[in-house]
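Examining the three-dimensional arrangement
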There are 2 protein chains.
Amino acid sequence: MDKYAEILAMAKRRGFLYPSFEIYGGVAGFYDYGPMGAALKRKIEDQWRKFYVLGEGFGEIMCPAVTPEEVFIASGHVKEFTDFVVECKKCQTAFRADHLIEETGLKIHQHNKETMDKMIAEAKIKCPQCGGEFAEAHPVNLMFNTKIGVGKNKNAYLRPETAQGMFLNFSSLYRHFRERLPFGAVQLGRGYRNEISPRQGLIRQREFWMAEAEIFFDPENKKHPRFAQMKDVKATLVPNTTREPVEMTLGDALSKGIVKNEALAYYIALTSKLFTTIGIDPARLRFRQHEHDEMAHYANDCWDAEAFLDKLGWVEITGIADRSAYDLSSHMKASGVDLSAMRKYDAPRTVERIAVKPKMKELGQKFKKDAGDVKKALESVDACAIGPEGIELEINGNKIFVEKELYEAAKVQETVYGERFIPHVIEPSYGIDRIFYTVMDHAFSRTKNEEGEEYTTLRLAPVVAPIKVGIFPLMCKDGLDKIAEEIEAKLRTAGIECQYDDSGSIGRRYARMDEIGTPWCITVDFDTLKDNTVTVRDRDTKEQKRVKIEALAPMFREKLGL
Amino acid sequence: MDKYAEILAMAKRRGFLYPSFEIYGGVAGFYDYGPMGAALKRKIEDQWRKFYVLGEGFGEIMCPAVTPEEVFIASGHVKEFTDFVVECKKCQTAFRADHLIEETGLKIHQHNKETMDKMIAEAKIKCPQCGGEFAEAHPVNLMFNTKIGVGKNKNAYLRPETAQGMFLNFSSLYRHFRERLPFGAVQLGRGYRNEISPRQGLIRQREFWMAEAEIFFDPENKKHPRFAQMKDVKATLVPNTTREPVEMTLGDALSKGIVKNEALAYYIALTSKLFTTIGIDPARLRFRQHEHDEMAHYANDCWDAEAFLDKLGWVEITGIADRSAYDLSSHMKASGVDLSAMRKYDAPRTVERIAVKPKMKELGQKFKKDAGDVKKALESVDACAIGPEGIELEINGNKIFVEKELYEAAKVQETVYGERFIPHVIEPSYGIDRIFYTVMDHAFSRTKNEEGEEYTTLRLAPVVAPIKVGIFPLMCKDGLDKIAEEIEAKLRTAGIECQYDDSGSIGRRYARMDEIGTPWCITVDFDTLKDNTVTVRDRDTKEQKRVKIEALAPMFREKLGL
């Protein structure tokens, strides 16, 4: 059994992960978090919030997953969130075209219909289920589709990402943050991707968790106010120029032009700090810059945090992108609602502009009922559109020409307090399930114990461990169990997750706690009756020391930074 | 403007709630939680977890919202999670039949097709949109529908409740809790209900949040191990006998037989304590027992926690039900997987049973290839199925008769260690959005200030307030602003949410903080430069006192129980 299979088996046995809907045969691409898994996941999320909400002061919002179609037409997902699929002409089973081709050992250089069809034909790939021929490849949208309401219902999708909520609410959030940039809004929740044929368990789920931050910057100023605190953070970077991993400080990466701006560098450093806090091994973490042809056309720069995982290799667990003004511009265009911000001048400026004053009588004669629209268009026309003979306008898609006899144009002076612009977005986007699995993989250790048996220890960082303290009475007699239960109640009241266990030998109980990553175990023994102390055993050093019962809660709270 | 409209306006203005997808015209039944709302909601959820996960020691799990059809066929939702709908023959707009009828002032006594059609015809109700005639009423399922995969895809729904996840995982959870009852599993997440025509804003959403606990009991023992701690908790109960509200302790309610069992009484008390902690007014909270015809046919007893809300009246915010063995039995039947638990005897028992031993040669001659199935059925046959002439069996749906010559039957003695049974479920189910709105409504206070202007204070319990401390420099000079920023950083590091504000008069800043429910405000003034103290002002008493800067973090942590 390889480590990946060992971790998944342990995860199921000890309540971290259960395959969803198992009593009905299960459905690929869905996992349940069990009691230990949900606790570990929440603690990872708590740390993420500590960095982004408490630390950065960003606003957390929560938006529905069910989202009307218009939103994803504007965002580009309806058109572009697709995989190429081929269906068997005989048994109708659908496959991802790229998977079929790659399984034969071929490499795909262009992800388009023509290439896929040609490669499948040339390699004579047949249906793995029934040997049938394949029909032509076609793009299939990966969003789950649904309808809102009945009768005249509304087409909708389950969101493939949480980010759109922050873009749609930009104006409200901008007001909330008193119209000052930069500010950030975050969302932690579920995303959906209706995979054609999900593989790789936790890494590619159909319903998954993500934590996204959208930080809105003035494009003329992508400096981060607290970069000084991060410039000495070291990380392993893989730039798209050398493609070689190199360890350096983010301050250096910025000054050498490897990372494009201070904001990106700041969030790479923050991500590195967050990951170290939750127990990801820095030696198995790197930040890889996207190749130029890998980046979205609108992106200025993009770095993936990748973790090295047993069997799976380097896996993307977070993306940190400078998305330019793409998202807000798209929604502004599609909705017709202003999503710009204001850059205030230090002092009001006087500017000259050419004001156009329509002659309404003449306009009315020429344009009849459209005269009102023409008037409006004339009044807001740009100076450079005014030609020597007149002005060409576009009204409701029609081009019209307004001769210079129909208006007066004159220079006027105006006081201007600032200018409007579309903010740029820096987006650190965290894949929670992948981060969860990385934490498991990097903490998982399997060795032989003194008796030569396989022994599993999950070396979780105490701050994310689902259970902080195991509490054992040496025996269930002479009141040892009662004292242990009292300690349990006391620690729970102090906000410390703990678990009472009185079954089997102390060694067996240690083993159970080590397997779920509990950092400390307490044993109540006969000395406890004499001096009110218990032994506290450390998961990693195996050291034991005696501690007064009343000192337990403060000691653990301090260790946990509570 | 009534209080309901006032709260919603404030909620939007101050970042508690935004109507979803507003730049695209909005969609009824969907709300976004803004930065203040999401924070308040999370803090309510944290308290719920403190009671149920940390306090009760239950296991929190997280399951997908997308769920294959089989699950909801078994649970009864495909058949019964419906509303009666009528569609206009002319404009095709769909309406809930009961809403249309009730809006004319009529009362519906039976929710079935015949009654609805008759009442609509007799009252001559026409389409409110176009005046058209209605077609006949038909039931419409309220689950959002989707498909998993492409090609040969799988029908699926978005879950209408989180509870099914706990039932499907029963066996894994039972093992996780070492096969001891009672134990509980909880889930906090989104539920979906594709309302025909959503009204009442937050109270009836299409995508909503719920927190459910499923606690599995031995039906012969519905005692709660810690009931002694709850028996003196008082609550207002409305029993279905008298239908009169009466305040009493849960201990009394149990001993008088008003509440059916200890487990239910315990969770009513726990709910009352939880609600008081998060700031719901006990004088506007009651527990109403379901009428007999209001309860599900399988339910033993059911109590709704109802909150009194301005304009809306008494609204259900939580249901606490004894659901008997219904859920596990249904899934056991539909999936064919054993979902029973074991009741261990104190000592092993010796029982006599009749063992049937098939004669294989004779069986083979008579049943040919089915002989194996017949053998298996015979060996596990129930004693009472053995007739004087032979045994009637049902194999794969076919009834067959096995004559007594084909087997031997003999009494045998066996040692039995316990017996299997289907656990009963007690389910406290919390509607998070409604609880959120109740907290807002009960905290909202609008009065005139000294200048005679309208003044809003949100008297949130400090433990749920989104911002705990407002920090103001009296002026942005002589370093006052720098000191204020340092205090902000220090409090954030101590885990206390705070907000720096230097704009407008101190009075304006107090007003902004009072409106979002911030319990304390700090002002840094010129005395701070002399003696290192600041004024701390209390939201409710308006008292101000001077506190040393270094004493701030410990003082607030103590007030917040951190």
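Remember, predicted model here, so these are calculated numbers, not experimental data. (Residues numbered from 1 in each chain as written. Chains lettered and ligands numbered in written order. Predicted model: local features only at pLDDT ≥ 70, side-chain atom pairs only at ≥ 80, totals over all residues. Heavy atoms only, no water.)

In terms of regular secondary structure, chain A is built from 18 helices and 28 strands. Across its three principal directions, the C-alpha atoms of chain A cover 105 × 70 × 55 Å. Taking all 562 residues of chain A together, the buried fraction comes to 57%. For chain A, the share of sequence-separated contacts (at least 6 apart) that also reach a separation of at least 24 residues comes to 65%. Put simply, chain A shows about 25,100 Å² of open surface, and 50% of that area lies on carbon and sulfur atoms. (Helix = DSSP H or I, 4+ residues; strand = E, 2+ residues; numbered from the N terminus. Buried < 20%, exposed > 50% of the residue type's maximum accessible area, 1.4 Å probe, protein only. Contact = heavy atoms within 4.5 Å. Areas by Shrake-Rupley, 256 points an atom, 1.4 Å probe, with all protein chains shown as cover.)

So, on to the sheet that holds strand β9 (residues 154–158) of chain A. All names here are of chain A. Across the sheet, three strands lie side by side as β4-β9-β8; this open sheet has antiparallel pairing. Each edge of the open sheet carries a strand with a single partner, namely β4 (66–68) and β8 (145–148). Going from strand to strand, the sheet's axes swing by 45° on average, the running direction of each strand aside. (Pairing = 2+ DSSP bridges. Axes fitted to C-alpha atoms, helices over the stretch in contact; angles between N-to-C directions.)

Turning to the side chain of Asp525 of chain B, a few remarks are in order. Residue and element names in this part refer to chain B. Tracing the chain through its elements places Asp525 in the loop between β26 (520–524) and α17 (526–531). Of the residues examined, Asp525 reaches a relative accessible area of 13% and is grouped as buried. Among the polar contacts made by the side chain of Asp525, one reaches the side chain of Arg546 at a distance of 3.0 Å. The contact partners of Asp525, leaving out residues within four places of it in the chain, are Leu474, Leu480, Thr535 and Arg546. (Polar contact = N/O pair within 3.5 Å; in protein donor to acceptor, adjacent residues only side chain to side chain.)

We now examine helix α11 (residues 326–335) of chain B. Residues and elements named next belong to chain B. By the burial criterion, the buried members of α11 are Tyr326, Asp327, Leu328, Ser330, His331 and Ser335. Against the buried residues of α11 lie α3 (69–75), α7 (163–168), α8 (170–176), β11 (207–217) and β21 (424–431). Trailing α11 by a residue or two, Gly336 shows a phi angle of about 75°, which is positive.

If you look at the biggest cluster of nonpolar residues, it comprises 86 residues, and the most contacted ones within it are Val66, Phe170 and Tyr192 of chain A together with Val66, Phe170 and Tyr192 of chain B. For Val66 of chain B, the residues in contact, after removing those within four places along its chain, are Phe21, Phe30, Phe144, Leu158, Tyr192 and Glu207 of chain A together with Thr146, Ile148, Ala156, Tyr157 and Leu158 of chain B. (Core = buried A, V, L, I, M, F, W, Y, C linked by side-chain atoms within 4.5 Å.)

Residue and element names in this part refer to chain B. One open sheet holds the three strands; their spatial order is β4-β9-β8, and the pairing between them is antiparallel. This sheet does not close on itself; its edge strands, each paired only once, are β4 (66–68) and β8 (145–148). With direction set aside, neighbouring strand axes in the sheet form an average angle of 45°. As paired elements, β8 and strand β9 (residues 154–158) share four bridges and run antiparallel to each other. Among the inter-strand pairings, Lys147 is bridged to a residue of β9, identified as Asn155.

With that settled, the discussion passes to the packing of aromatic side chains. Going through the model one piece at a time under the given rule, you end up with 48 aromatic pairs over all chains. Aromatic pair Tyr266 of chain A and Tyr267 of chain A: ring centres 4.9 Å apart, planes at 75°, arrangement edge-to-face. For the pair Tyr266 of chain A and Tyr267 of chain A, a shared accessibility class is recorded, and that class is buried. Each residue in the set Trp48, Tyr52, Phe58, Tyr266, Tyr267, Phe275 and Tyr430 of chain A is aromatic and connected to the rest through ring pairs, giving one cluster. A cation over an aromatic ring shows up here: Arg537 of chain B above the ring of Tyr510 of chain B, its NZ or CZ 4.1 Å from the ring centre. (Phe/Tyr/Trp six-rings, centres within 6.5 Å; stacked < 30°, edge-to-face > 60°. Lys NZ or Arg CZ within 6 Å of the ring centre and 35° of its normal.)

The next subject is the relation of the copies chain B and chain A. Of the two same-sequence chains, chain B is brought onto chain A (RMSD 0.3 Å, axial shift 0.0 Å) by a rotation of 179°. Both copies of the chain, as the preceding transformation shows, are related through a two-fold rotation axis. Among all residues of chain B, the minimum C-alpha distance to the rotation axis is found for Thr146 of chain B, at 2.7 Å. Of all interface residues in chain B, 100% are interface residues in chain A too; the two copies therefore contact each other through one and the same surface. (Least-squares fit on C-alpha atoms with pLDDT ≥ 70 in both.)

With that settled, consider the pattern of salt bridges. Enumeration over the complete set of coordinates arrives at 109 salt bridges over all chains. A salt bridge links Arg13 of chain B to Glu515 of chain B, with the shortest nitrogen-to-oxygen separation between them at 2.3 Å. On the criterion of sequence distance, the pair formed by Arg13 of chain B in helix α1 (residues 3–13) and Glu515 of chain B in helix α16 (residues 506–515) is long-range, its members being 502 residues apart. The exposure class assigned to Glu515 of chain B is buried, which follows from its relative accessible area of 12%. Notably, a salt bridge pairs Glu403 of chain B with Lys366 of chain B, separated by 3.0 Å at the nearest N-O pair. Here Lys366 of chain B lies in helix α12 (residues 360–367) and Glu403 of chain B lies in strand β19 (residues 398–403), a separation of 37 residues in the sequence. The exposure class assigned to Glu403 of chain B is partly exposed, which follows from its relative accessible area of 29%. Here the salt bridges share partners, and the residues they tie into one network are Asp83, Arg96, Asp98, Arg193, Glu195 and Arg204 of chain A. (Salt bridge = Lys/Arg side-chain N within 4 Å of Asp/Glu carboxyl O.)

Residues and elements named next belong to chain A. The topology assignment puts Leu274 in helix α10 (residues 262–277). Once the C-alpha coordinates of Leu274 and Trp48 are considered, the two residues, 226 residues apart in sequence, prove to be 6.9 Å apart. When neighbours within four sequence positions are excluded, Leu274 is seen to be in contact with Gln47, Trp48, Phe51 and Tyr430.

Within this structure, the stated rule accounts for zero disulfides over all chains. You can see Cys521 of chain B has no disulfide; the closest cysteine sulfur is in Cys498 of chain B, sitting 11 Å from it. (Disulfide = S-S within 2.5 Å.)

Residues and elements named next belong to chain B. Direction vectors running N to C along α1 and helix α14 (residues 432–443) enclose 105°, while the axes themselves pass 11 Å from each other. It follows from the interaxial angle that α1 and α14 lie roughly perpendicular. Packed against α1, whose contacting residues are Lys3, Tyr4, Ile7, Met10 and Ala11, the element α14 presents Tyr437, Met440 and Asp441 at the interface. Looking at side-chain class alone, the contact of α1 with α14 contains six nonpolar, no polar and two charged residues. (Parallel < 35°, antiparallel > 145°, perpendicular 65-115°, else oblique. Nonpolar A, V, L, I, M, F, W, Y, C, P; charged D, E, K, R; others polar.)

Each partner contributes to the interface: chain B provides 85 residues, whereas chain A provides 85 residues. Note on chain B versus chain A: buried area summed over both sides is about 6,700 Å², and carbon and sulfur give 61% of it. Sorting the residues of chain B by area buried against chain A places Ile23, Tyr24 and Met62 of chain B first, and these three jointly supply 13% of that buried surface. Summed over the shared surface of chain B and chain A, the number is four salt bridges. A salt bridge links Asp501 of chain A to Arg178 of chain B; its shortest N-O distance comes to 3.1 Å. Our enumeration of links across chain B and chain A arrives at 28 residue pairs in polar contact (both at pLDDT 80 or more). (Buried area = accessible area lost by both parts, 1.4 Å probe.)

Looking along a regular strand, one sees the side chains alternate between the two faces of the sheet. Residues and elements named next belong to chain B. Counting buried residues in strand β14 (residues 285–289) gives five out of five residues, a clear majority hidden from the surface. Here β14 shows no split at all, with Leu285, Phe287 and Gln289 on one side and Arg286 and Arg288 on the other all buried. Examined bridge by bridge, strand β12 (residues 234–238) and β14 share two bridges and lie parallel to one another. In the sheet register, Val238 faces β14, and the bridge partner there is Arg288. Note: β14 against strand β15 (residues 301–309), five bridges, orientation antiparallel. Counterpart to Gln289 in the pairing with β15 is Trp303.

Turning our eyes to something else, we now look at a nonpolar patch on the surface. All names here are of chain A. The grouping of Leu474, Met475, Phe526 and Leu529 at the surface amounts to a nonpolar patch, some 310 Å² of accessible area in total. Tracing the backbone through its elements, the reader meets Leu529 in helix α17 (residues 526–531). Here Leu529 falls in the partly exposed class, since its relative accessible area comes to 44%. (Patch = residues over 30% accessible without salt bridge, like charges linked within 9 Å, V, L, I, M, F, W, Y side chains within 5 Å.)

Moving on, we come to unusual backbone geometry. Residue and element names in this part refer to chain A. The residue after Leu181, namely Pro182, is reached through a cis peptide bond having omega -10°. Structurally, Pro182 is set in the loop between α8 (170–176) and β10 (183–192). Positive phi, close to 60°, is recorded for Arg243, a residue that is not glycine.

Residues and elements named next belong to chain A. For strand β21 (residues 424–431), a buried count of eight out of eight residues is recorded, marking the element as mostly surrounded by other parts of the structure. By the alternation rule, side chains of β21 split into His424, Ile426, Pro428 and Tyr430 and Val425, Glu427, Ser429 and Gly431, which are all buried. Taken together, the six bridges between strand β11 (residues 207–217) and β21 define a ladder with antiparallel strand orientation. Residue pairing in the sheet places Met210 in a bridge with Gly431 of β21. As defined by bridge partners, strand β16 (residues 313–322) adjoins β21 across five bridges and the pair is classed as antiparallel. Paired with Asp322 across the strands is Ile426, a residue of β21.

Residue and element names in this part refer to chain B. Checked against the element boundaries, Glu6 lands in helix α1. Look at Glu6 and you get buried, because its relative accessible area is 18%. A polar atom in the side chain of Glu6 sits 3.2 Å from the side chain of Arg446. When near neighbours in sequence (up to four residues on either side) are disregarded, Glu6 contacts Met1, Phe444 and Arg446.

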